[in-house]
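Structural features, examined
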Amino acid sequence: MARHQRVQALSVLAVLLFAAACLPAPAAAGVHLSTLPKALAVTASAKPGQVLHAGVDSVTVTWSLNSTEPAGADAAYKNVKVKLCYAPVSQKDRGWRKSNDDLSKDKACQFKVTQQAYAAAGGSPGSFRYVVARDVPSGSYHVRAYATDASGTEVAYGQTSPAAAFDVAGITGIHASLKVAAGVFSAFSVAALAFFFVVENRKKNK
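Residues numbered from 1 in each chain as written. Predicted model: local features only at pLDDT ≥ 70, side-chain atom pairs only at ≥ 80, totals over all residues. Heavy atoms only, no water.

Looking at an unreviewed UniProt entry, the chain carries the name High-affinity nitrate transporter, with the source organism given as Miscanthus lutarioriparius. Under the heading Sequence similarities (unreviewed entry), UniProt records this for the chain: "Belongs to the NAR2 family." (UniProt positions renumbered as here; feature names shortened; annotations may be inferred.)

In structure tokens:
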């Protein structure tokens, strides 16, 4: 009897261990923006309120170590990634655009501008000319840059002021050339219809 109980106990323990092994590992905590030093000075050539047209206009972004940081503070910075972020006015009542302190859950900075080696050593600013991507929707935006370490983890950031955002006019989905083609086709259709109407009338009058 005792042996049977021991076997049952071992079976239950084996089932519990197997179930525990099958459980997904707890999600790693993401990096929080509030914990990062604002060590990068970031600028954008677009003026506050300026309208940039997606797929056409460009903005030049620059970044460097903030002058308030001590020399060598960026020694661990290996790369920089720059993103286009929705300004607060374009996040209102749009949950899919909301910012989140946990960067792994943040939805405000959805659009990649560039990712490259950190180039601000010796005070030389890094820069990149970005042509606004065609899939960027209409809205108000600012720019944020993250410095990452050798593992790719964000270790510092900087951004242009959300209050001084510039605007993007997104593509509506109907290209101008398509509108012209549609107009030409419509005019041709009307002319063809009139021609056949005249021909038919002449046939009837003969």
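Picking up after the structure, the text goes on.
Helix and strand counts for the chain stand at 2 helices and 9 strands. A burial count over the chain gives 29% of its 206 residues as buried. Summed over all atoms, the accessible surface of the chain reaches about 13,200 Å², with 61% contributed by carbon and sulfur. (Helix = DSSP H or I, 4+ residues; strand = E, 2+ residues; numbered from the N terminus. Buried < 20%, exposed > 50% of the residue type's maximum accessible area, 1.4 Å probe, protein only. Areas by Shrake-Rupley, 256 points an atom, 1.4 Å probe, with all protein chains shown as cover.)

This part is about the nonpolar core. Inside soluble globular proteins, nonpolar side chains tend to come together where they are buried. Within the largest apolar cluster, 28 residues are counted, with the highest numbers of intra-cluster contacts made by Tyr77, Val82, Leu84, Val136, Tyr141 and Phe166. Those elements that place two or more of their residues in this core are strand E1 (40–44), strand E3 (58–65), strand E4 (79–86), strand E5 (111–117), strand E7 (139–148) and strand E9 (166–169). The next biggest cluster of nonpolar side chains, apart from the first, holds 5 residues, and it includes Leu36, Leu103, Tyr146 and Tyr157. (Core = buried A, V, L, I, M, F, W, Y, C linked by side-chain atoms within 4.5 Å.)

Considering all chains together, one arrives at 1 disulfide under this definition. Two residues, Cys85 and Cys109, share a disulfide whose sulfurs are 2.0 Å apart. Linking Cys85 and Cys109, the disulfide has an S-S dihedral of approximately 105 degrees and is accordingly described as right-handed. Of this pair, Cys85 sits in strand E4 while Cys109 sits in the loop between E4 and E5, and the two are 24 residues apart along the sequence. Each of the two residues, Cys85 as well as Cys109, counts as buried. (Disulfide = S-S within 2.5 Å.)

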